Amino acid sequence: MAYSSCTLLLIILCFHAIEAQPLHTAKLLINASNKLGKQIPETFMGVFFEEINHAGAGGLWAELVSNRGFEAGGKNVPSNIGPWTIIGDESSIHVSTDQTSCFEHNKIALKMEVNCDSSNSCPLDGIGISNPGFWGMNIEEGKKYKVVFYVRSTSRIDLKVSFVGSNDGVKLASTNIKGNDVNASTWRRVEHVFEAYATNHNSSLQITTNEKGVVWLDQVSAMPLDTYKGHGFRNDLFEMVAALKPRIFRFPGGCYVEGKWLRNAFRWKETIGAWENRPGHFGDVWGYWTDDGFGFFEGLQLAEDLNALPIWVFNNGFSIYEQVNISAISPFVQEVLDGIEFARGSPTSKWGSIRASMGHPKPFDLRYVAVGNEECDTQQNKFIYEGNYPKFYDAIKRAYPDIQIITNCDASKEPLNHPADLYDYHQYPKSSNYMFNLAQVFDHASRIGPKAFVSEYAMTGKESGRGNLLAAVAEAGFLIGLEKNSDLVEMVSYAPLFVNNNDQKWNPDAIVFNSHQVYGTPSYWVLSLFKESSGATFLNSTLQTNSPTLAASAISWKDSINGKSILRIKVANMESQTVNIVIFIEGLESSVHLSWPRKTVLTSSNPMDENSFSNPNMVVPRESILDYAGKIMNFQIDPLSVTLFDMTMY
Ligand code: AHR
């Protein structure tokens, strides 16, 4: 029995009734001969990174200061400086904003009028401003942090810069910044590397003074020195993604690319070059400001660091509430051509030279672009989308014939009326049964025409909790179906990838983090069970079962380290009972033996079980060694589980 029509309560009751039910037996017939198998595309398993849930700002991008240029309140003054707060009372300090920044694209600066000094009522530690980062900065003993800011003043610069525990006020690192000039009225850059002498995961950055006068501050940044390759990516979050061995990296959205309104769309040109000069923008779909430290360049860099091919989803003149029609689309087309030149043009080209000046003279390996995201979904939008699409397609193919272009019109049911190399396909079912059975969605889809890119999928809704075992097993069933259809499905990515636990805009997600902790949801662990599928051989296999919620597949690949061939059998069992499976393997050359059998199981005692910061390993794959591998094997598959059997063929 499967779960789809059960209420949540019934799901749990079904699960606990396991023992009473008779064993169901299934047979899996595998032909291990490569000749009968087919190659799964090298690009098969990927990731989709969207600036949602603070995935980048306050997440993978390690910048600790939030609203570093004081621009989040808008271009006009007076403005809102949140989440900065003021240290000191109204009689001693008056804080406002003005438009006197030395940075052309972000004119807002913070003005601090100080009415006290050390001999006259200023508190010992001074008065000033404090930034809590993204729900607390993670400052760790012995680690180094580079703080940069810009300052000018009507008097001598005399500032104290400190990292302080937000909950206890204990200083973790501190320095005094003193200028020699009596009057420091022109902007100057200050840089200091701190080494923390204590740890607090919930810290703030404070800039204070005891000097009477007016001080202006702008572009305040605090970066840990220890980031992935010094590229600015938080190590623990980077490692979680890298462990999935993604072959493609879709970015930067999602609806984030579109914005609710075009004025809030992701504009790649505003996110490149020196960080101080990036204006930042309000991502109105997910409802938060980003300083755009993680911009277009950083997305391309991250893909390269992950050894994945970038897939740039560009804005095609659509926001959720506005569409640019064909007569006005040409500037958007030019913006895309410029973006491709930025990514892969020569370092002497106009846009390629900016990339080179940012430290990457070598072109990025951009081979795929997607014309927008989810705009071909309603009749009215489809009409405009299909009208504008050829403008992008023709211009890109003319300039870059090798670039693969992705449409977001679904070609799984009916042929497209426009050319494309791939079509984008998204699914967020609310029922586990529906998710599991989507495995068949491409079984009868046309093989003539573009390939499919399942760039967003995940189970959502109540049944999936905050990312539980049930959702993960249903998704594993779906992925087995995609592997089977990988002659058509060229790429797959789960969505969303990340969530900062303090600001969840979308649920569930694959990787959950806060300032200093991270864990994978069961869906993340399912992805890890499919990481060897890219480029592997999908072996011919048949599952004989009368269960609609049991799925199995077999792949083989050569281990890159020892060169030995591995056979991997995957079984997703969404049944509430143990299943007996008999596996028959044929097609092995007589000299080949199966050895070193290992079993990996993802399961738990309750379908609703989830991981958490306090119990990150509640639902994770557990490996054991089997005592036998051979051409006929009999195994018991746990209720609600994903099970791998790995064997070396030699
Ligand atoms: O993954 C979350 C959102 O779901 C994406 O931004 C959008 O493409 C989809 O609707």
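In this text the structure is predicted, and so the values were computed from the model without any measurement.

> Quick question: what am I supposed to make of the site of the ligand here?
In the neighbourhood of the ligand, 13 residues make up the surrounding shell, with Glu50, Cys255, Glu374, Tyr428 and Glu456 lying closest. Within the backbone of Cys255, a nitrogen or oxygen atom sits 2.9 Å from an oxygen atom of the ligand. Glu374 is positioned with one of its side-chain polar atoms (N or O) 2.9 Å from an oxygen atom of the ligand. Bound to the protein, the ligand loses 94% of the 280 Å² it would expose on its own.

> I'm lost on the pairing of strand 21 (residues 422-427) in this one. Help?
Residues in a regular strand point their side chains to alternate faces of the sheet. For strand 21, a buried count of six out of six residues is recorded, marking the element as mostly surrounded by other parts of the structure. Neither face of strand 21 is exposed, since Leu422, Asp424 and His426 on one face and Tyr423, Tyr425 and Gln427 on the opposite face are all buried. As paired elements, strand 20 (residues 404-407) and strand 21 share two bridges and run parallel to each other. Each bridged residue has a counterpart across the sheet, and for Ile406 the counterpart in strand 21 is Leu422. Here strand 21 runs beside strand 22 (residues 451-457); their pairing, made up of five bridges, is parallel. From the neighbouring strand, His426 faces strand 22, where its bridge partner is Glu456. With helix 8 (residues 432-437) bridging strand 21 and its parallel neighbour strand 22, the resulting β-α-β unit is right-handed.

> What is the right way to look at the sheet that holds strand 2 (residues 38-39) in this model?
Strand pairing in a sheet takes place through backbone hydrogen bonds and is either antiparallel or parallel in direction. Pairing in this open sheet of seven strands is antiparallel, and the strands run 2-27-29-30-35-32-33 from one edge to the other. Two strands bound the open sheet, and with one partner strand each, they are strand 2 and strand 33 (622-625). In this sheet, strand 33 lies alongside strand 32 (residues 594-602) in antiparallel orientation, the contact comprising four bridges. Paired with Thr600 across the strands is Glu623, a residue of strand 33. Running at roughly 165° to strand 32, helix 10 (residues 522-529) makes contact with strand 30 (565-573), strand 32 and strand 35 (641-649) of the sheet.

> Teacher, can you tell me more about the layout of surface pockets here?
By rolling a water-sized probe across the atoms, one finds the places where empty space is left. In this structure, the largest pocket encloses a volume near 840 Å³. Surrounding the largest pocket, 34 residues form its lining, Ser556, Trp557, Lys558, Ser565 and Ile566 being those nearest its centre. If you list the elements that add at least two residues to the lining of the largest pocket, you get helix 10, strand 29 (550-558), strand 30, strand 32 and strand 35. For the lining of the largest pocket, a count of residues per class yields 11 nonpolar, 11 polar and 12 charged. Considering only enclosed or pocket space, the second largest pocket measures out at about 550 Å³ in volume. Lining the second largest pocket are 24 residues, with Trp61, Met223, Gly230, His231 and Trp275 positioned closest to its centre. Secondary structure elements with two or more residues in the lining of the second largest pocket: strand 9 (144-153), strand 14 (213-224) and helix 4 (296-305). Taken together, the residues that form the lining of the second largest pocket break down as nine nonpolar, nine polar and six charged.

> What am I meant to see in the sheet that holds strand 23 (residues 489-492) here?
If you trace the eight strands from one edge of the open sheet to the other, you get 3-15-18-19-20-21-22-23, paired in parallel fashion. The sheet is open, and its two edges are formed by strand 3 (47-48) and strand 23, each paired on a single side. The sheet contact formed by strand 3 and strand 15 (residues 248-251) spans two bridges and is parallel. For Phe48, the partnering residue across the bridge sits in strand 15 and is Arg250. Along the sheet, helix 5 (residues 330-344) contacts strand 18 (309-314) and strand 19 (368-371); its crossing angle with strand 18, the most-contacted strand, is approximately 160°.

> Explanation requested: the domain arrangement of the chain in the structure shown.
The extent of an interface is frequently quoted as the accessible surface area lost upon association of the parts. When its domains are assigned, the chain resolves into domain 1 (25-43 + 538-649) and domain 2 (85-224). Taking only C-alpha atoms, the centre of domain 1 and the centre of domain 2 are 57 Å apart.

> Would you take a moment to explain the side chain of Asp292 for this structure?
Here Asp292 is to be found in the loop between strand 17 (288-290) and helix 4. In this structure Asp292 is buried but unpaired, with Arg278 as the nearest side chain of opposite charge at 7.0 Å. Those residues in contact with Asp292 that sit more than four places away from it in its chain are Tyr256, Thr271, Arg278, Gly280 and His281.

> Whenever I open this one, the packing of helix 5 against helix 6 (residues 350-357) confuses me. Can you help?
Between helix 5 and helix 6, the least distance of the axes is 7 Å, while the angle of their chain directions is 45°. By the angle class used here, helix 5 and helix 6 are oblique. Crossing geometry of helix 5 relative to helix 6 is assigned as right-handed. Seen from helix 5, the contacting residues are Asp338, Glu341, Phe342, Ala343 and Arg344; seen from helix 6, they are Lys350, Trp351, Gly352, Ile354 and Arg355. Among the residues making up the contact of helix 5 with helix 6, the classes are represented as four nonpolar, one polar and five charged.

> What should I look at first to understand the side chain of His426 in this one?
Position of His426 among the secondary structure elements: in strand 21. In terms of polar contacts, His426 uses its side chain to reach the side chain of Ser455, at 2.9 Å. With near-sequence residues (within four places) excluded, His426 lies in contact with Arg250, Asn373, Glu374, Ser455 and Glu456.

> Looking at this structure, how should I read the nonpolar core?
If you look at soluble globular proteins, the nonpolar side chains tend to sit buried side by side. Core analysis: the biggest nonpolar cluster contains 121 residues, and Trp312, Ile396, Phe442 and Phe498 have the highest contact counts within it. In terms of residues, this core owes the most to one element, helix 9 (residues 469-484), which gives 11 residues. In contact with Phe498, other than residues within four places in its own chain, are Phe49, Ile52, Asn53, Ala55, Leu60, Leu237, Val241, Asp509, Ile511 and Phe513. Counting residues in each nonpolar core, the second largest holds 38 residues, with Met112, Ile157, Phe163 and Ala173 among its members.

> I keep staring at the packing of helix 4 against helix 5 and nothing clicks. Help me out?
Running from amino to carboxyl end, helix 4 crosses helix 5 at an angle of 45°, the nearest separation of the two axes being 11 Å. Regarding the angle of helix 4 to helix 5, the classification is oblique. By crossing handedness, the relation of helix 4 to helix 5 is classed as right-handed. Between helix 4 and helix 5, the residues in contact are Phe296, Phe297 and Leu300 and Gly339, Phe342 and Ala343, respectively.

> Explain the pattern of salt bridges here, please?
Opposite charge on two side chains lets them pair, provided their charged atoms get close. As enumerated under the stated definition, the model contains 27 salt bridges in all. Ionic pairing is found between Glu191 and Arg189, a salt bridge with its closest N-O pair at 2.7 Å. Look at Glu191 and you get partly exposed, because its relative accessible area is 42%. Because the salt bridges share partners, they merge into one network encompassing Asp125, Lys160 and Lys171.

> So what exactly am I meant to see when it comes to the state of the cysteines here?
Joining two cysteines, a disulfide is a covalent bond between their sulfur atoms. Here the structure, examined in full by the defined rule, presents two disulfides. Residue pairing for Cys116: its cysteine sulfur links by disulfide to Cys122, the two sulfurs lying 1.9 Å apart. Taking the torsion about the sulfur-sulfur bond, which here is approximately 70°, the covalent link between Cys116 and Cys122 counts as right-handed. Since its relative accessible area comes to 0%, Cys116 is described here as buried. Accessibility expressed as a relative area gives 11% for Cys122, which makes it buried. Each sulfur of the disulfide joining Cys376 and Cys409 lies 2.0 Å from the other.

Definitions and cut-offs
Residues numbered from 1 in each chain as written. Predicted model: local features only at pLDDT ≥ 70, side-chain atom pairs only at ≥ 80, totals over all residues. Heavy atoms only, no water. Near = heavy atom within 4 Å. Polar contact = N/O pair within 3.5 Å; in protein donor to acceptor, adjacent residues only side chain to side chain. Areas by Shrake-Rupley, 256 points an atom, 1.4 Å probe, with all protein chains shown as cover. Buried < 20%, exposed > 50% of the residue type's maximum accessible area, 1.4 Å probe, protein only. Helix = DSSP H or I, 4+ residues; strand = E, 2+ residues; numbered from the N terminus. Pairing = 2+ DSSP bridges. Right-handed = clockwise from strand over helix to strand, strands pointing away. Contact = heavy atoms within 4.5 Å. Axes fitted to C-alpha atoms, helices over the stretch in contact; angles between N-to-C directions. 1 Å grid on protein atoms, 1.4 Å probe; cavity = no way out; pocket = protein on both sides within 12 Å on 5 of 7 lines; lining within 4 Å. Points joined across faces, edges and corners; volume = space filled by probe spheres on them. Nonpolar A, V, L, I, M, F, W, Y, C, P; charged D, E, K, R; others polar. Domains from an automatic or database assignment. Lys, Arg positive; Asp, Glu negative; His and termini not counted. Salt bridge = Lys/Arg side-chain N within 4 Å of Asp/Glu carboxyl O. Parallel < 35°, antiparallel > 145°, perpendicular 65-115°, else oblique. Left-handed = near helix turned anticlockwise from the far one by under 90°. Core = buried A, V, L, I, M, F, W, Y, C linked by side-chain atoms within 4.5 Å. Disulfide = S-S within 2.5 Å.

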